[in-house]
Structure formats: structure tokens, C-alpha cells
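# Reading the structure
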Amino acid sequence: MLTYKNGDLYLEEVALRRIGDEVGTPVYAYSSGALKRHYQEFQTALHGLDHMICFAIKANSNQAVLKCLADLGSGFDAVSGGEISRALHAGAPGHKIVFAGVGKTKDELRLALEAEVCQINVESEPEITSLNEVAQSLDLQAPIAVRVNPDIDAKTHEKISTGKSENKFGVPISRIRDIYRHASHLSHIKTTGLALHIGSQLTDLAPYRDAFRTACDLFKMLRGEGHPLKRLDVGGGLGIPYKSDDTPPSLAEYGALLKEFVADIDCQIIIEPGRHIAGPAGVLLTRVLYVKSGNGREFAILDAAMNDLLRPALYDAYHRITHVSQPSLNEKKRLYDIVGPVCESADTFAVHRSMPIIKPNDLMVIEAAGAYGSVMASEYNTRPLTPEVLIQSDAYSIVRKRPSIDEIISRDRIPSWL
Ligand code: LLP
């Protein structure tokens with residue numbers, strides 16, 4: 001997908017230098033071909049299962065990205081009213097949207113019901129009570145799946161682990177039976193599914209094995225109690241290789257494991273992948289502003305910063321960083337700290353990274369930035385939100401433009417009394 005041709009780095013058939021020159025940097029560039037291929041790879045891995053792939057919008061919510069996937073028939077996992085609106089706007093029908101999240105407002109629940117989403121994944125008894133009230137006011141039946149917290153260690157970064165008992169997500173297994181019993185007595189609630197999600201960037205199948213076993217056992221138990229469950233939502237979380245030597249499980253292994261557990265349950269399986277579809281499909285293109293020597297350190301200062309891509313600052317995440325101009329094979333390497341211009345030491349993309357010589361004005365890409373990149377960006381330091389482009393073959397379109405500083409400032413209001 002990212003390949004050098006005649007010494008220049010291309011994404012699909014577009015030279016990234018062209019995007020850097022024409023759109024300016026920093027800028028996110030996504031490959032529509034890769035997005036579609038990754039979605040199709042999930043389809044292949046789950047072939048034979050009654051399933052729905054619900055792309056986790058939180059990973060990348062650009063309308064063009066969602067439309068690419070909606071056109072393939074993808075479903076969507078939304079975690080806010082805003083994300084439901086984004087999915088609808090991109091052309092997804094309500095019945096292909098799952099609404100999840102640990103703290104939904106009544107307005108969001110109303111929006112979800114009015115959109116006739118296929119399922120609302122609820123995370124607490126008080127939420128079920130609220131939902132029942134909202135559904136009653138609309139004279140509708142709310143289809144719910146309760147999210148179970150299976151107390152499983154996903155063996156991922158602590159900030160993106162969600163399935164342990166100390167995490168805020170879901171309800172403990174010990175209370176599941178009572179919650180379903182209570183919910184089934186409410187006038188405007190239908191218990192139609194069961195959900196879980198144990199974490200993100202999982203690089204080992206073992207926690208999935210435990211999670212699938214727990215989910216299937218619970219599913220059968222609940223059906224045995226008379227709940228008319230139709231869907232089992234096993235969440236997302238499959239990891240991608242950020243480092244060259246990372247070896248996360250393959251989609252085929254993941255699919256085979258899932259099939260092994262759900263084979264004897266007659267229901268629809270929902271999966272909610274985000275990173276696996278969008279992550280490797282995108283890069284953050286950035287230009288080197290300065291290279292300066294510190295005390296025993298060489299700093300390469302980029303025009304991208306932690307406000308554009310927060311993952312390294314927040315999770316110490318590793319992203320490969322690559323020159324757009326192909327370095328020669330015998331080019332010397334040096335150790336660099338690769339940093340952004342924001343006034344925080346956390347604004348660091350790599351420490352002591354061995355790299356071919358970096359020079360001012362060099363274009364670089366930060367790889368695997370298509371998921372949890374742009375969506376987590378901010379305007380910290382009054383740096384405009386990073387623009388985004390979507391590539392198809394040898395053409396690209398700007399799918400979110402860079403706001404001007406005037407646009408940013410004009411959102412503020414000075415009160416008349418000042
Ligand atoms: N379903 C639920 C209920 C989730 O909470 C998440 C992610 C997903 C699906 C999608 O997970 P994925 O397939 O993308 O791993 N900002 C962090 C990741 C946070 C993930 C939050 N939940 C990062 O940059 O690593």
C-alpha cells in the first residue's frame with residue numbers, strides 16, 4: 001500500500017509529495033482501497049457466519065471514510081448521538097447501527113430510537129430505566145443488549161483495556177441474570193442481545209478465547225431463561241502491527257476462533273472493528289521544520305504535533321516514521337528524538353529512533369495513523385485541526401479542509417460587557 005516508486009513514497013498511485021506540496025502539512029492521507037480491502041478481509045474471515053461488521057466510528061469518523069464503508073454494506077458502532085448522526089448522514093440505515101457507550105444522555109437515546117438503530121448496548125440498570133422512559137414517551141420498544149464486564153485481562157495498554165472488573169464498562173457477570181430478568185419486565189424494553197468488548201489493540205488471541213467462551217455460556221444461559229436473544233456482539237479490538245516485528249493474530253485465526261465458539265448458537269454475530277480497518281489505511285504526512293542538537297541528542301522537529309496525533313503522548317504508542325524520499329540503502333543512520341512544536345515535553349513521537357539522516361524540509365510519514373488519529377486531534381496551541389485527504393487510485397480529494405485561523409478565532413465570542 002505504501003510503496004516507493006522512483007525514489008518517492010506513494011499511497012496507492014498518489015505520490016505523497018504531491019499531497020504535501022498541494023495541500024500543505026500536516027495532513028492525514030487515507031487509502032480508500034485499503035479501507036475497503038480491510039472490510040472485505042473481515043467479511044472473508046467471517047464467511048459462513050450470520051454476522052454484521054459494525055465499523056467503530058470512533059476510530060475514524062470522516063464522512064468520506066464512513067461512506068466508503070457504508071457503500072460496501074458495512075454497519076456502524078456509534079458511541080454518541082453525534083456518531084449516530086454521522087453514520088446516518090453517510091448513508092447507513094438505522095438498522096445497521098449499534099449504539100454503545102457507558103453514559104448515554106436521554107437526548108441521545110431518543111435519537112437512537114427515532115433512527116431505529118438495531119440495538120442499544122446498555123451498561124447499567126439506571127441506563128435501562130432511562131431508556132424505558134424514553135421508549136415509553138415515543139411509544140416504541142427499545143431493543144437492548146446488556147454489555148457484560150467479563151473481568152478478563154486483554155493484555156493491552158492499561159488505558160485501552162476495558163474488560164477488567166476495575167474498568168468502568170459493562171456490568172459484572174454476577175449481576176447479568178438479575179438485570180435481564182428486571183429488563184424483561186419493563187414495558188418498553190426488548191432484550192434482544194448480549195454484548196462485550198474487552199479492549200483495543202489486542203495482540204494475543206488468548207483473551208478473546210476467554211471472552212468468547214464467557215459470552216457464549218452467558219448467551220445460552222440467558223436464552224435458557226427465556227430471553228429472546230438474537231444477537232451476540234463481541235466488540236472490536238483486534239490489534240495491528242505498529243512495529244515491523246509485531247505479529248498480532250491474523251483475521252483468519254480470529255475468525256476461526258469465533259466460529260469455534262459460536263457454531264452451536266443460532267444468532268447473528270456483531271463485531272465492531274475500528275483500528276483494524278482504518279489504522280493501516282492512513283498516514284500522517286508531515287514536514288521537518290528543524291533539526292537541532294541537544295546535549296547528546298539530535299532533535300528532529302516536525303510540523304505535526306501531539307494535537308494532530310495524540311497516541312504517542314497519551315499511550316507511549318509506537319508509530320513507524322518514514323522518509324517520503326527513499327533513503328539510499330547504504331545511507332548512514334543516526335538516533336533521533338522526533339518531536340512536534342507544541343509546548344510540552346509529551347509532544348514527542350519517537351525517542352532515540354534510529355533513522356536515515358533527517359534534514360530540514362524533508363517530508364515524513366507517521367504510519368498506521370488512520371485510526372484514532374484525526375478523531376483525537378485538537379486545536380491545542382491554536383493549531384488548526386489537521387485536514388484529511390482520501391486517495392482512490394491515482395487521484396485524491398480533500399475530505400476535510402484545514403480551517404483558517406480566522407475561522408478558529410471567530411468561533412469565540414467576546415461578551416458585550418467586556
Ligand atoms: N467497540 C467498543 C465498545 C469499543 O469501546 C471500541 C474501542 C471498539 C469497539 C473498537 O475497538 P478497535 O477495533 O478499534 O480496537 N484511542 C485508543 C483506542 C481506544 C479504543 C476505544 N474503544 C488508541 O488510540 O489506541
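Residues numbered from 1 in each chain as written. Predicted model: local features only at pLDDT ≥ 70, side-chain atom pairs only at ≥ 80, totals over all residues. Heavy atoms only, no water.

### Considerations on the domain arrangement of the protein chain
When the domains of the protein chain are assigned, the result is domain 1 (2–29 + 280–410) and domain 2 (32–278). One C-alpha centre belongs to domain 1, the other to domain 2, and the line joining them spans 32 Å. Contact residues are listed per partner, giving 21 residues for domain 1 and 27 residues for domain 2. For the pair domain 1 and domain 2, the summed buried area comes to about 2,000 Å², and 56% of that belongs to carbon and sulfur atoms. It is Pro280, Tyr315 and Tyr372 in domain 1 that bury the most area against domain 2; as a group they hold 27% of the surface buried on that side. Counting residues per element, the ones that place at least two in the side of domain 1 that touches domain 2 are helix H11 (311–315), strand E20 (388–392) and strand E21 (395–400). (Domains from an automatic or database assignment. Contact = heavy atoms within 4.5 Å. Buried area = accessible area lost by both parts, 1.4 Å probe. Helix = DSSP H or I, 4+ residues; strand = E, 2+ residues; numbered from the N terminus.)

### Regarding the site of the ligand
Around the ligand, a shell composed of 18 residues is seen, among which Ser200, Glu272, Arg311, Tyr315 and Tyr372 lie nearest. Glutamate 272 has a polar side-chain atom sitting 2.5 Å from a nitrogen atom of the ligand. For the ligand, an oxygen atom lies 2.9 Å from a polar atom in the backbone of glycine 274. Compared with its free state, where it exposes 590 Å², the ligand has 91% of that area covered by protein. Classifying every residue of the shell around the ligand by side-chain character gives 6 nonpolar, 6 polar and 6 charged. Both of domain 1 (2–29 + 280–410) and domain 2 (32–278) provide at least three residues apiece to the shell around the ligand. (Near = heavy atom within 4 Å. Polar contact = N/O pair within 3.5 Å; in protein donor to acceptor, adjacent residues only side chain to side chain. Areas by Shrake-Rupley, 256 points an atom, 1.4 Å probe, with all protein chains shown as cover. Nonpolar A, V, L, I, M, F, W, Y, C, P; charged D, E, K, R; others polar.)

### Thoughts on the environment of leucine 9
Positionally, leucine 9 belongs in strand E2 (residues 8–11). Relative accessible area serves as the criterion here: at 3%, leucine 9 is assigned to the buried category. Along the primary structure leucine 9 and isoleucine 398 are separated by 389 residues, whereas in three dimensions their C-alpha atoms are 19 Å apart. In this structure, leucine 9 is in contact with Leu2, Thr3, Tyr4, Val14, Ala15, Leu16, Thr322, His323, Val324 and Val365, ignoring residues within four places of it in sequence. (Buried < 20%, exposed > 50% of the residue type's maximum accessible area, 1.4 Å probe, protein only.)

### Brief notes about the packing of helix H7 (residues 173–184) against helix H8 (residues 206–224)
Between H7 and H8, whose axes approach to 11 Å, the crossing angle comes to 30°. The angle between the axes of H7 and H8 places the two elements in the roughly parallel class. Of the two elements, H7 crosses H8, and the hand of that crossing is right-handed. Note on element contacts: H8 touches H7 through Thr214, Leu218, Met221 and Leu222, opposite Ile173, Ile176, Arg177 and Tyr180. (Axes fitted to C-alpha atoms, helices over the stretch in contact; angles between N-to-C directions. Parallel < 35°, antiparallel > 145°, perpendicular 65-115°, else oblique. Left-handed = near helix turned anticlockwise from the far one by under 90°.)

### Topic: the sheet that holds strand E3 (residues 14–15)
The 3 strands lie next to each other as E1-E2-E3, forming an open sheet whose pairing is antiparallel. Both outer strands of the open sheet, strand E1 (2–5) and E3, are each paired with one neighbouring strand and no more. Bridge count between E2 and E3: 2 bridges; the pairing is antiparallel. Paired with tyrosine 10 across the bridge in E3 is alanine 15. (Pairing = 2+ DSSP bridges.)

### Digging into the packing of aromatic side chains
Across all of its chains, the model carries 5 aromatic pairs by this definition. Between phenylalanine 212 and phenylalanine 261, the ring centres sit 6.5 Å apart and the planes meet at 65°, which makes this aromatic pair edge-to-face. You can see phenylalanine 212 sitting in helix H8 and its partner phenylalanine 261 sitting in helix H9 (residues 251–262), a full 49 residues away along the chain. Residue phenylalanine 212 is classed as buried on the basis of its relative accessible area of 1%. A residue is classified by how much of its surface remains accessible, and phenylalanine 261, at 13% relative accessible area, is buried. Taken together, the ring pairs in this structure connect Tyr208, Phe212, Tyr254 and Phe261 into an aromatic cluster. (Phe/Tyr/Trp six-rings, centres within 6.5 Å; stacked < 30°, edge-to-face > 60°.)

### A word on the packing of H8 against H9
Running from N to C, H8 and H9 point in directions that differ by 25°, and their axes come no closer than 9 Å. With respect to H9, the element H8 is oriented roughly parallel. Where H8 crosses over H9, the handedness of that crossing is right-handed. Contacts between H8 and H9 pair Tyr208, Arg209, Phe212, Arg213 and Cys216 from the former with Tyr254, Leu257, Leu258, Glu260, Phe261 and Val262 from the latter. Grouping the constituent residues of the contact of H8 with H9 by class yields 8 nonpolar, no polar and 3 charged.

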